[in-house]
Amino acid sequence: MGTRKCECPFKIRCYMLASTKWRCSVVCGLHNHDLCAELQGHPVACQLNPVEKASIKDMFLNFVQPKNVFATLKRTESDNISNIRKMYNQRYHNKKESRGDRSEMQHLLKMLDDNKYVVRYKYCDDEKICEKYPDLLKYVESTILDKVKEKFVCAWTDKVRYLGNTTTNRVESAHATLKNWSCDRKGDLCKAWDTINHMILNQHNEIQTLFGRSIMVLEHRFKNNILYSKLIGNVSRAGLNYIFHEANRGEIIGGDTAKCGCTITITYGLPCACAIAKKVRLGEPITMNKITPHWKRLSFDDNGCVEEDSNISIISELEVIQERFSKVDDYTKLYIKEQLRRIGFSETTDMKPSSQPVKTKGAPKKVRSTPNDNSTTRSPSYCEHVDKLFPDSLTPKSQKS
């Protein structure tokens with residue numbers, strides 16, 4: 001689970017006029033985050049409208065596969081940026097709507113009864129499948145498990161950075177995925193290309209959705225945790241999940257390198273449990289240089305993803321900044337200095353906590369008016385206040401009255 005609440009100060013107010021037209025006014029136009037270049041993975045932008053939902057429902061009733069439903073939606077609605085997961089979710093909602101509170105078996109019996117089928121069934125308690133066949137278990141253990149258990153090669157694979165890729169036949173896996181998309185084995189080349197194109201677009205959309213969720217969605221377990229403060233929005237959710245489990249293991253083994261083994265550093269390119277335990281003990285965040293570029297890639301382009309041995313210099317940028325700094329006024333110089341200070345001293349901040357806890361839920365309570373607030377009596381003048389404090393020295397106006 002995660003949240004998209006990032007305490008952004010942006011606020012807009014909308015209200016309907018008497019002419020049934022809406023008027024919007026920007027209360028605060030500031031943001032504390034960058035604008036997302038891609039909307040894939042955004043929960044609001046990826047929502048389906050009622051027309052699309054009705055069309056998807058009709059196609060599912062005609063036994064159209066979700067991948068073909070998704071391809072049809074992309075062909076008819078060019079502006080739609082939803083992913084194939086929305087198709088599966090919509091199919092689930094359609095089934096839930098038709099089934100109601102009935103289980104799958106109860107719904108099946110109801111359909112058979114509605115169509116006047118003769119039904120016979122028997123109810124039995126849960127039983128162990130292999131309880132009556134002990135020889136089957138012995139056969140599996142003797143012919144499969146006992147012979148294969150010596151062939152596990154974790155001692156060799158733990159010395160190679162495989163980044164979680166455990167398949168030994170990637171070409172066959174890609175071929176199997178293509179065969180699942182290709183329903184007609186006798187199509188021409190144009191139809192085969194069209195199938196491959198839809199498959200690649202679907203994979204591209206799924207990866208782009210994962211990129212978007214890694215940038216926009218903040219999981220609750222990483223919120224307000226200094227350990228992940230520099231990784232959120234810069235490292236994929238899969239990489240953060242591995243680091244989270246290593247942090248939990250670090251709470252048990254501590255900084256003992258022998259118990260840790262540091263396997264994940266070699267195989268995944270991520271900080272191990274003992275290194276994370278040291279960071280927690282010192283109260284320091286995990287820096288980006290401890291993460292391999294594979295987990296930092298959150299876009300298809302090369303922006304932000306460079307080789308480890310590449311020579312990157314900022315000498316020309318510093319010269320331009322220094323030249324501009326000498327020409328601007330004092331207020332602009334202070335602003336430039338403050339921005340450079342934030343970059344150079346990222347561990348410090350000029351933000352201060354609020355004096356009172358900020359309530360983020362519920363409408364603000366209305367303060368009841370007191371009788372004095374509704375009074376029509378005028379407020380005493382300055383002379384009347386002076387006469388009240390010094391009754392012996394009355395002003396001429398008060399003596400006359």
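For the structure itself, consult the block above.
Student: Just checking my understanding: could you explain the packing of aromatic side chains for this structure?
Tutor: Geometry of an aromatic ring pair is reported as the spacing of the ring centres plus the angle between the planes. Under the defined criterion, the tally for this structure stands at 7 aromatic pairs. Put simply, the rings of Y162, Y242, Y268 and W295 pair up and form one aromatic cluster. Directly above the ring of F244 sits R221, whose terminal nitrogen or CZ lies 4.6 Å from the centroid. One Lys or Arg, K333, reaches over the ring of F325 and ends 5.6 Å from the middle of that ring.

Student: I keep staring at the nonpolar core and nothing clicks. Help me out?
Tutor: A general tendency of soluble globular proteins is for nonpolar side chains to be buried together. Ranked by internal contacts, the top residues of the largest apolar core, which has 23 residues, are Y228, L231, I243, C260, L270, I286 and I291. Elements represented by at least two residues in this core include exactly α9 (237-253) and α12 (273-282). Ranked by residues supplied to this core, first place goes to α9 with 5 residues. Leave out the neighbours within four places in its chain, and I243 touches Y228, L231, L270, P271, I276, I286 and I291. Core analysis: the second largest hydrophobic core is formed by 9 residues, I56, F60, L73 and I84 among them.

Student: How should I be thinking about the pairing of strand β2 (residues 11-16) in this particular structure?
Tutor: It is a general feature of regular strands that their side chains alternate between the two faces of the sheet. Judged from the 6 bridges that link them, β2 and strand β3 (residues 22-28) form a sheet pairing that is antiparallel. Its bridge partner lying in β3, C14 is registered against C24. Hairpin connection, β2 to β3: the antiparallel pair is bridged by 5 residues, and T20 has positive phi, about 60 degrees.

Student: I tried to follow the pattern of salt bridges on my own but got confused; where do I start?
Tutor: Oppositely charged side chains can form a pair if their charged atoms are brought close together. On inspection of all chains with the given rule, the structure shows 7 salt bridges. Taking the shortest distance from any N to any O, the salt bridge between E219 and R221 comes out at 2.9 Å. Residue E284 is joined to K279 by a salt bridge in which the shortest nitrogen-to-oxygen separation is 3.9 Å.

Student: So what exactly am I meant to see when it comes to the layout of surface pockets here?
Tutor: Any space left empty among the atoms is revealed by the rolling of a water-sized probe across them. In this model, the second largest pocket occupies a volume close to 470 Å³. Taken together, 16 residues line the second largest pocket, and the ones lying closest to its centre are F60, L61, N94, K95 and S98. When contributions to the lining of the second largest pocket are tallied by element, the ones reaching two or more residues are α1 (50-61), α3 (84-99) and α4 (104-114). With 6 residues, the top contributor of residues to the lining of the second largest pocket is α3. Broken down by class, the residue content of the lining of the second largest pocket amounts to 7 nonpolar, 3 polar and 6 charged.

Student: Just to check I follow, could you spell out a nonpolar patch on the surface for this structure?
Tutor: A contiguous nonpolar patch, built from I314, L318, I321, L340 and I343 and spanning about 480 Å² of accessible area, is present on the exposed surface. Elements supplying a minimum of two residues to the nonpolar patch: α14 (315-325) and α15 (330-344). Here I343 falls in the exposed class, since its relative accessible area comes to 67%.

Conventions and cut-offs
Residues numbered from 1 in each chain as written. Predicted model: local features only at pLDDT ≥ 70, side-chain atom pairs only at ≥ 80, totals over all residues. Heavy atoms only, no water. Phe/Tyr/Trp six-rings, centres within 6.5 Å; stacked < 30°, edge-to-face > 60°. Lys NZ or Arg CZ within 6 Å of the ring centre and 35° of its normal. Core = buried A, V, L, I, M, F, W, Y, C linked by side-chain atoms within 4.5 Å. Buried < 20%, exposed > 50% of the residue type's maximum accessible area, 1.4 Å probe, protein only. Helix = DSSP H or I, 4+ residues; strand = E, 2+ residues; numbered from the N terminus. Contact = heavy atoms within 4.5 Å. Pairing = 2+ DSSP bridges. Salt bridge = Lys/Arg side-chain N within 4 Å of Asp/Glu carboxyl O. 1 Å grid on protein atoms, 1.4 Å probe; cavity = no way out; pocket = protein on both sides within 12 Å on 5 of 7 lines; lining within 4 Å. Points joined across faces, edges and corners; volume = space filled by probe spheres on them. Nonpolar A, V, L, I, M, F, W, Y, C, P; charged D, E, K, R; others polar. Patch = residues over 30% accessible without salt bridge, like charges linked within 9 Å, V, L, I, M, F, W, Y side chains within 5 Å. Areas by Shrake-Rupley, 256 points an atom, 1.4 Å probe, with all protein chains shown as cover.

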